[in-house]
Amino acid sequence: RFRNVTRVQTCALPIFPDVVITTNVKKNLTKRAIYLSITIKENPPLLIDSVAYDGIENISIDFQKELFQNSVLHRGNRLSTNTFNQEVSRVISLFQNFGYPLAGFYKDSSFVSRYLSHNKVSVRLHFVAGKQMRFGETTFQISSPTLDTIENDVVVKQLDFQKNEFYSLEKREESERN
């Protein structure tokens, strides 16, 4: 049971670094019970002062425009684990839609720095794009053909991409739905 108290405290610390968690333990020997009273004082949350992205320097201007225009992390907004993770996922998807299917997020070299003077943070996210790739030849295999099986050329027309076009996860998934 005490392990859960530590876990709550650990989860709260990155977003509420000044959180104070106190635990009051009362023992009732007659009832053979332990009663816990946990008090959590959050204090003010961290606010985002700046956001920087490493690993985007050699990526196209269009990529960079979309990266900054649609960011989930905004100056003055509250930092949360949820928005942080949403931004990482969004940037990975963006890489994949610009031809970088092997892009990755480097957690160990990404960080959040806190300014003690005004309780704000600077967020730095490190990504590695990997090699830019293109769609290759697309083949279709029909496992159990029938008399009214769709012809390959009809299926090819439903694809949202063409051979030698830069890879896009979004176009691949849309083509699968078609």
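Residues numbered from 1 in each chain as written. Predicted model: local features only at pLDDT ≥ 70, side-chain atom pairs only at ≥ 80, totals over all residues. Heavy atoms only, no water.

Draft legend 1. Spotlight on the overall build of the chain. Scanning the chain from terminus to terminus reveals 5 helices and 6 strands. Relative to its 178 residues, the chain shows a buried fraction of 27%. For the chain, restricting intrachain contacts to residue pairs at least 6 apart in sequence, the fraction spanning at least 24 positions comes to 57%. For the chain, the exposed area adds up to about 12700 Å²; of that, 51% sits on carbon and sulfur atoms. (Helix = DSSP H or I, 4+ residues; strand = E, 2+ residues; numbered from the N terminus. Buried < 20%, exposed > 50% of the residue type's maximum accessible area, 1.4 Å probe, protein only. Contact = heavy atoms within 4.5 Å. Areas by Shrake-Rupley, 256 points an atom, 1.4 Å probe, with all protein chains shown as cover.)

Draft legend 2. A look at a negative patch on the surface. Judged by side-chain charge, Asp62, Glu66, Glu170 and Glu173 come together as a negatively charged surface patch. If you list the elements that add at least two residues to the negative patch, you get helix 2 (61–69) and helix 5 (169–177). Looking at the secondary structure, you find Glu173 in helix 5. (Patch = residues over 30% accessible without salt bridge, like charges linked within 9 Å, V, L, I, M, F, W, Y side chains within 5 Å. Salt bridge = Lys/Arg side-chain N within 4 Å of Asp/Glu carboxyl O. Lys, Arg positive; Asp, Glu negative; His and termini not counted. Charge placed at Lys NZ, Arg CZ, Asp CG, Glu CD.)

Draft legend 3. Layout of the nonpolar core. Ranked by size, the top nonpolar core spans 22 residues in total, and within it Tyr53, Phe63, Leu67, Phe95, Val123, Leu125 and Phe127 carry the most contacts. Counting residues per element, this core draws most heavily on helix 3 (residues 81–97), at 6 residues. In this structure Phe95 touches Gly55, Ile56, Ile59, Phe63, Tyr100, Ala103, Phe127 and Ala129, once residues within four positions along its chain are discounted. (Core = buried A, V, L, I, M, F, W, Y, C linked by side-chain atoms within 4.5 Å.)

Draft legend 4. Representation of the packing of helix 2 against helix 3 in the model. Where helix 2 meets helix 3, the axes come as close as 11 Å, and the angle between the chain directions of the two elements is 160 degrees. Considered as vectors, helix 2 and helix 3 are oriented roughly antiparallel to each other. Note on packing geometry: the crossing formed by helix 2 with helix 3 is right-handed. From helix 2, Phe63, Glu66 and Leu67 reach across to helix 3, where they touch Arg90, Val91, Leu94 and Phe95. When grouped by side-chain class, the residues that make up the contact of helix 2 with helix 3 number 5 nonpolar, no polar and 2 charged. (Axes fitted to C-alpha atoms, helices over the stretch in contact; angles between N-to-C directions. Parallel < 35°, antiparallel > 145°, perpendicular 65-115°, else oblique. Left-handed = near helix turned anticlockwise from the far one by under 90°. Nonpolar A, V, L, I, M, F, W, Y, C, P; charged D, E, K, R; others polar.)

Draft legend 5. Looking closely at the pairing of strand 5 (residues 111–115). With 5 bridges joining them, strand 5 and strand 6 (residues 120–128) adopt antiparallel strand pairing. Bridged to Arg114 within strand 6 is Val121. (Pairing = 2+ DSSP bridges.)

Draft legend 6. Seen up close, the environment of Lys41. Mapped onto the secondary structure, Lys41 falls in strand 2 (residues 33–41). By relative accessible area, Lys41 is classed as exposed at 51%. Put simply, Lys41 and Ile21 are 20 residues apart on the chain and 6.4 Å apart in space, counted from C-alpha to C-alpha.

Draft legend 7. Structural context of the confidence of the model for the chain. Considering every residue of the chain, the mean pLDDT works out to 81; 79% of them sit at 70 or more. Segment residues 1–13: pLDDT under 50, and 10 contacts once partners within four positions in sequence are set aside and those in other chains are kept. (pLDDT = per-residue confidence, 0-100.)

Draft legend 8. Seen up close, the packing of aromatic side chains. Taken as a whole, this structure holds 8 aromatic pairs when the rule is applied. Each ring, one from Phe63 and one from Phe98, has its centre 5.5 Å from the other, and the planes form 90 degrees; the classification is edge-to-face. Here Phe98 lies in the loop between helix 3 and strand 4 (104–105) and Phe63 lies in helix 2, a separation of 35 residues in the sequence. Clustering of aromatic rings is evident, with ring pairs tying together Phe63, Phe84, Phe95, Phe98, Tyr100, Phe105 and Phe127. Above the plane of the ring of Phe166 lies Arg134, whose end atom (NZ or CZ) is 4.0 Å from the centre. (Phe/Tyr/Trp six-rings, centres within 6.5 Å; stacked < 30°, edge-to-face > 60°. Lys NZ or Arg CZ within 6 Å of the ring centre and 35° of its normal.)

Draft legend 9. Structural context of the pattern of salt bridges. Summed over all chains, the structure comprises 4 salt bridges. In this structure, Arg75 and Asp49 form a salt bridge, with 3.3 Å as the shortest nitrogen-oxygen distance. Remark: Asp49 occurs in strand 3 (residues 47–54) and Arg75 occurs in the loop between helix 2 and helix 3; sequence separation between them is 26 residues. Residue Arg75 is classed as exposed on the basis of its relative accessible area, which comes to 65%. Residue Asp49 is classed as buried on the basis of its relative accessible area of 16%. Put simply, Arg124 and Asp54 hold a salt bridge, and the shortest N to O gap is 3.0 Å. Of this pair, Arg124 sits in strand 6 while Asp54 sits in strand 3, and the two are 70 residues apart along the sequence. You can call Arg124 partly exposed: its relative accessible area is 30%.

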